[in-house]
Amino acid sequence: MKFYQQSKDKIIEQFNVDIQNGLTDEQVSQQRDEFGENKLPEKKEDPYWKVFLKNFKEPIVIVLMGAIVLSLLSSFYSIQIEGNMESGMESLYEAIAIFVLILINAFLGFWQEISARKSLNALKEMNTRHTTVLRNGQWETIPVNELVVGDVVSNTVGDFVEADVRWVDTNELQVIEAHLTGEADAIEKDTKVINEDAELGDQTNMGFSGSTVSNGQGTGVVVAVGQDTELGNIAQMIESVETKPSPLQNTVNKLTKTLMFVAGGVVVFTIVAGIIQAGELSFDSIASVLSTSIALAVASIPDALPAVLSIVLTIGASKMAKDKGLIKSLSSVETLGATSYIASDKTGTLTKNEMTVVQYHANGQDYKVTGLGYKPEGEIKNNGDSSDSSVEKSRNFLLGAVLCNESAIQENNGEYQPLGTPTEVALTVLGRKVGISREELLENKELIRTLPFSSSRKMMSVVVKEGDKYTLYTKGAPDVLVNHSYGILKNDQVDTSEQERTNFLTTVDEYAEGALRTLAVGQKEISEDEATNGTVETLEEDLVITGVAGIIDPAREEVKESVRILHNAQVEVVMITGDHEKTARAIAQELGIVKDKNAPVIRGAEIEEMTDEELFEKVKDTNVYARVSPEHKQRIVKQLQKYGQITAMTGDGVNDAPALRIADIGIAMGITGTEVTKDSSDLVLLDDKFTTIERAVENGRTIYGNIKNFIRHEITTNVAEVLSILIGLLFFTQTVGHIPAATPTLTALMVLWVNMISDAVPSFSLGYDVAEKNIMDDGPRDPNESILANYTWSRVLIRGFFMGLLVYVAFLWAAHEGMAADQAQTVAFLTLVYGQLWHVFDARSSKTLFRRNPFENKYLVAAVLFAGISSFLVTIIPFFNLVMGTAPLEGSVYLMVLFISALPTLILSGIKELFGIKIW
Ligand code: ATP
């Protein structure tokens, strides 16, 4: 018999479940051994050795492998055929040196990839979903993969069902199972046995892994986990963190490929030029230019770009997570930096979500309440009168507020912990201040139905039975409730006059203008039949309003500063709230989101009336939306996107998920948000705070800026390397001093050293740079703009050209001075290395060298010192002299090279700084 054909008692018995206490730890491990973990198979990670070997597949490494083979052949030729031991050993050393450099490079690449993988796994871990389960008599939240068969789970609106369950208790439960059945509408669930055979979509007493709870609440017993679930039957693999390349990675991959073609062209050109110069096509003529060609190939392939880019993005993402912004895909890191519009919820994000009722109006009387926070201590005064009889007048309102409520407070050493939503906790605390508690009330009343709150209805109700009397209590947004009521309780009479209705709404407005959140309570007597069978629509009508509460929810102080920073960074901040328009405007004004007391506010009802074209016209000047339902959020985002705005939007409820999906950056609340919204988001705020969004935008800009700096530096130095060799090849056609014509400016191993050590290490540390001071002073970048736009190309080419030219000039100078070839090449080598090290400080500024403190980035300073000193050492250590073709120089020459190499950077940056030239 299938699970749905068995009674719930049978299921409970079959799985040996204690429905009051859930499984014990011991049972959990037994069940896990027997039925396995609640996990679908994940894509296997490459083993370490594969990651290491991957580095040998890079084009540059293949070129170098070719070079090793050639060196070995040449060594063999020299020793065996020519009998020239010295030249043979030189070639052999060269082969060994290239191999060692390849190994160093592979280790660097391996280390980068492993650290990126670690960060990514940590992010994945943080992204795991959680679910509520009853274990050892306690409800607790556990990661979903820890669920086992036999667990008792509780799911409420906004949750995913995380395994296959047989429902044993449901309350207005509705579930969407579109991923399995294709049916988009929510299906009502209950616990009734189904006797005949039923398709998946008709198994109404079952919940299936991956479904979303769209309404109500259900308790179920897990009957299948992991691969044994219906989802497991159809799903192949899951990837919890998206790893598909970001647009920037695609651009860079393309750029790298293009540059590789250029490199190929340069190499072919060199070989042809070499042959033409030699005047004949022979092995010797090719061999003589081969080493230079290899050097050129190495110099021109920006091999580090893609690898460094992905590690910088990943490490950026884990830095963001430390700052409480959990990113779901690498492309969001980039998009965040381009964000131009942030639409935020109010409650809990802009405000503290620590609610206290400070006044209320009930039965025609005004009451003030003292005592802030969740401590149930304070006084309630009606015109200064705090007597019991005065409070008693508002009893109906208080009863409704406390009964139509699912929250509680828990005392812990004199501290009161809220359990449930803060709005409801505020009402519970209000009741406790006058000795009314839900538990005590329910001793002689029975709660028979709960119609849960939804942010579209903006109401919730309960049906309470006392004796044979049934009462419906409803609470919700006052302006909504008033439309579902026929009168207002005043001095124990139901006043149905228009005047009283207006008075009531005026009170609500007054509360709202004082930035109070408002919540009205209503009630009505109903029949037994209505109590059990009535629908939400019929029940929540013809109410009598018993009162309205004014609830303070203080704005978060730090948000004001974040809003100021974002405005300065030309990022628009907008509040989209379900709350009352006047409350919304008052808080928006307090936080600086709007300046004017009369700033326009659009209400959800107005959006409903508008066509998309009308809304399009309005969105550009509106900063506050009130009484908005989640459905309206989607429309707002779509219109904003028509203006090309990169929109970040927050959401917490299950109905917010579609809007979050369309927003460029969907933001979910980590603490109060539902699992469904978290799943649809790009960024999860681990602390629910608005300030975290501002920091994430700043981090996004910083990371993008760092990548840009890194790419600029990398390409500039490549251009310099290529040009210094190419110019030599073209113009060094006569013997100068002791140096014969056609001697390359740099040896192949020098270029290799530059590329893999003295250039790679410092430029890598650019990826970790701190934010540029003015990063939040400029507007957001145009998301369609290429990373090399805005004079970046000209900057790269001009600077690269001067740096390359200087290297050749230094070589020529050394030749004229009568130095030997290896010494002149060493002069060129150091001019190039130090030129790059000067340039790296310029590259880290979007403006000029003089705009940034060079010591801010400790990694960079360390990397530059390492590169500078080690490059000096290879010129004086005999072993490296032999292998790399370097030679020791006189002290004064070292000093001169150190300073002369600064000239291109200092002069170009200086002119730029003085005259504001943008082109370089
Ligand atoms: P935001 O969208 O900024 O988070 P919000 O929390 O006020 O604002 P909703 O949760 O949609 O938005 O609430 C809308 C309105 O519904 C509130 O202003 C309040 O009047 C009413 N409301 C909120 N919570 C409840 C509840 N638990 N029961 C009944 N009514 C509620």
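Owing to the predicted nature of the structure, the values given are computational and were not obtained by experimental measurement. (Residues numbered from 1 in each chain as written. Predicted model: local features only at pLDDT ≥ 70, side-chain atom pairs only at ≥ 80, totals over all residues. Heavy atoms only, no water.)

With 32 residues, helix H8 (residues 247-278) extends 47 Å from end C-alpha to end C-alpha; this agrees with the ideal 46 Å at 1.5 Å per step. The positive-phi residue at the C-terminal boundary of H8 is Gly279, with phi of around 80°. (Helix = DSSP H or I, 4+ residues; strand = E, 2+ residues; numbered from the N terminus. Expected span 1.5 Å × (residues − 1).)

Each assigned domain of the protein chain is listed with its residue range as follows: domain 1 (3-35 + 149-224), domain 2 (49-116 + 245-326 + 696-774 + 781-915), domain 3 (327-351 + 556-695) and domain 4 (356-551). Summarising the inter-unit geometry, the C-alpha centres of domain 1 and domain 4 are found 34 Å apart. With 4 residues of domain 1 in contact, the opposing surface of domain 4 contributes 4 residues. Between domain 1 and domain 4, the buried area comes to about 330 Å², and carbon and sulfur atoms account for 43% of it. When the buried area of domain 1 at its contact with domain 4 is split by residue, Asn171, Glu172 and Asn215 rank highest and sum to 83% of it. Counting across the interface, domain 1 meets domain 4 through 1 salt bridge. Between Arg449 and Glu172 there is a salt bridge, and its shortest N-O distance comes to 3.0 Å. On inspection of domain 1 and its partner domain 4, the count reaches 1 residue pair in polar contact (both at pLDDT 80 or more). Elements supplying a minimum of two residues to the side of domain 1 that touches domain 4: strand E4 (164-176) and strand E7 (212-224). (Domains from an automatic or database assignment. Contact = heavy atoms within 4.5 Å. Buried area = accessible area lost by both parts, 1.4 Å probe. Salt bridge = Lys/Arg side-chain N within 4 Å of Asp/Glu carboxyl O. Polar contact = N/O pair within 3.5 Å; in protein donor to acceptor, adjacent residues only side chain to side chain.)

In this section: the site of the ligand. Taken together, 18 residues are adjacent to the ligand, and Lys346, Lys475, Arg517, Thr518 and Thr577 come closest. Contact between the ligand and Thr577: an oxygen atom at 2.9 Å from a side-chain N or O atom of the residue. Asp579 has a polar side-chain atom sitting 3.0 Å from an oxygen atom of the ligand. For the ligand, whose free accessible area comes to 600 Å², the fraction covered by protein is 91%. Secondary structure elements with two or more residues in the shell around the ligand: strand E17 (469-476) and strand E20 (517-526). Ranked by the residues each element gives to the shell around the ligand, the list is headed by E20, at 3 residues. Here the shell around the ligand is built from residues that sort into 4 nonpolar, 6 polar and 8 charged. Lining the shell around the ligand are residues from two domains, each supplying at least three of them: domain 3 (327-351 + 556-695) and domain 4 (356-551). (Near = heavy atom within 4 Å. Areas by Shrake-Rupley, 256 points an atom, 1.4 Å probe, with all protein chains shown as cover. Nonpolar A, V, L, I, M, F, W, Y, C, P; charged D, E, K, R; others polar.)

Before going further, it helps to spend a moment on unusual backbone geometry. Although it is not a glycine, Asn363 sits at a positive phi angle of roughly 50°. For Asn363, a relative accessible area of 3% gives the class buried. Positive phi, close to 55°, is recorded for Gln570, a residue that is not glycine. On the secondary structure map, Gln570 appears in the loop between helix H20 (557-568) and strand E22 (572-576). (Buried < 20%, exposed > 50% of the residue type's maximum accessible area, 1.4 Å probe, protein only.)

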